[in-house]
Amino acid sequence: ARRLPVDARYLRFAVVPFDALDPKSKEQGLGLVIADAIASTFVRDHRLALVERARLKAVLDEMALQQTGITDDATAVKLGEIANADMLVVGQVALLGDNYQVHAKLLEVATAHVHGVATTTLPAADLVALSSDAVVLRSRGDAAFRSAVLPGWGQHYNRESTKGWVFTGVAGTLLALGLGLELGGLLTHLLYYVPYKPADDGFASSGDPAFQRNLQERYDLAQTQFIVGHVTLGATAAVWAYNVLDAYLSGVDGDQWVGGAAGD
């Protein structure tokens, strides 16, 4: 900031997702993760004004740069003009052996003047760990999908592990109980229809009142198990659905996360 022509507090910065130059960097989303880390530092440590990430994403989509990346300064300047930015941070990340090399450049939009460049090498393990915990790579849709597959998974994805275990435990317990009751009702119902041997073989005759009472009791038990089982499975479905909704509402869309940055 000391090398800028005017006070940086009066400038509007845009930090563009860095170009990932190798498959591993792309897979880990490191270009987006590094840009998010820089943007967060600008806001948290330097109180600089940033163009919203949602606005940047719209411009990148409009210029069809999401896949091709920023290939030259002229393209970067055009992007900055459309995004209404004064200064643009662009860069690249590439895997070199056991390390990632990150190259960044600060570009003035109005003049295309480069105010600074920096290159650093970071251990691959550090960046991969940063990527695995990066808010910017998460989305509400992914959280909801995970919770739809397994209750609590979306909450773990949202870094709400306690809530996740609660949903997993409650939904799992209700599901096991409901299925157990349904299976018990089925077995009891099948026993209700099991034919009994004649009385001379030591079994009560079907005309015996005690026998009829026993059959009625089994039938009533089966019906009760079915009813309670249905209610329990219904409660399971309700908890499951609420868990999906909670994962979505508690989640964050990385494309709209600006790291506390000042937006439009």
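It should be noted that the structure appears before, not after, this text.
Residues numbered from 1 in each chain as written. Predicted model: local features only at pLDDT ≥ 70, side-chain atom pairs only at ≥ 80, totals over all residues. Heavy atoms only, no water.

## Description of the pairing of strand E6 (residues 114-123)
Where strand E5 (residues 99-108) lies against E6, nine bridges are found, and the strand directions are antiparallel. Looking across to E6, one finds that Gln101 is bridged to Thr121. Adjacent in sequence and paired antiparallel, E5 and E6 are bridged by five residues, among which Ala112 carries a positive phi angle near 65°. (Pairing = 2+ DSSP bridges. Helix = DSSP H or I, 4+ residues; strand = E, 2+ residues; numbered from the N terminus.)

## Observations concerning the nonpolar core
Counting 22 residues, the largest nonpolar core has Phe13, Phe18, Phe42 and Val93 as the members making the most contacts within it. At the level of secondary structure, the elements contributing two or more residues to this core comprise strand E1 (12-15), helix H2 (30-46), strand E4 (87-96), E5 and helix H5 (124-132). The greatest single-element share of this core, amounting to six residues, is contributed by H2. The residues touching Val93, leaving out its near neighbours within four places in the chain, are Asp19, Ala20, Leu21, Asp22, Ser25, Leu30, Gly31, Ile34, Tyr100, Gln101 and Val102. Among the nonpolar cores identified, the runner-up in size contains 16 residues, and Ala14, Leu56, Leu88 and Val90 belong to it. (Core = buried A, V, L, I, M, F, W, Y, C linked by side-chain atoms within 4.5 Å. Buried < 20%, exposed > 50% of the residue type's maximum accessible area, 1.4 Å probe, protein only. Contact = heavy atoms within 4.5 Å.)

## Some words on unusual backbone geometry
In most cases, non-glycine residues show a negative phi, while peptide bonds are predominantly trans. Phi angles above zero are rare outside glycine, and Asn84 is one such case at about 60°. Within the element layout of this structure, Asn84 appears in the loop between helix H4 (73-82) and E4. Not every positive phi belongs to a glycine, and Ala112 is a case in point at roughly 65°. The topology assignment puts Ala112 in the loop between E5 and E6.

## Digging into H2
Compared with the 24 Å implied by 1.5 Å per residue over 17 residues, the 23 Å span of H2 between its first and last C-alpha is a close match. Phi turns positive, to about 55°, at Arg47, one or two residues after H2. (Expected span 1.5 Å × (residues − 1).)

## Considerations on the side chain of Thr232
Within the fold, Thr232 resides in helix H9 (residues 209-250). Only 2.8 Å separates the side chain of Thr232 from the backbone oxygen of Val228, close enough to count as a polar contact. Beyond its immediate sequence surroundings of up to four residues, Thr232 is in contact with Leu174, Leu177, Gly178 and Leu181. (Polar contact = N/O pair within 3.5 Å; in protein donor to acceptor, adjacent residues only side chain to side chain.)

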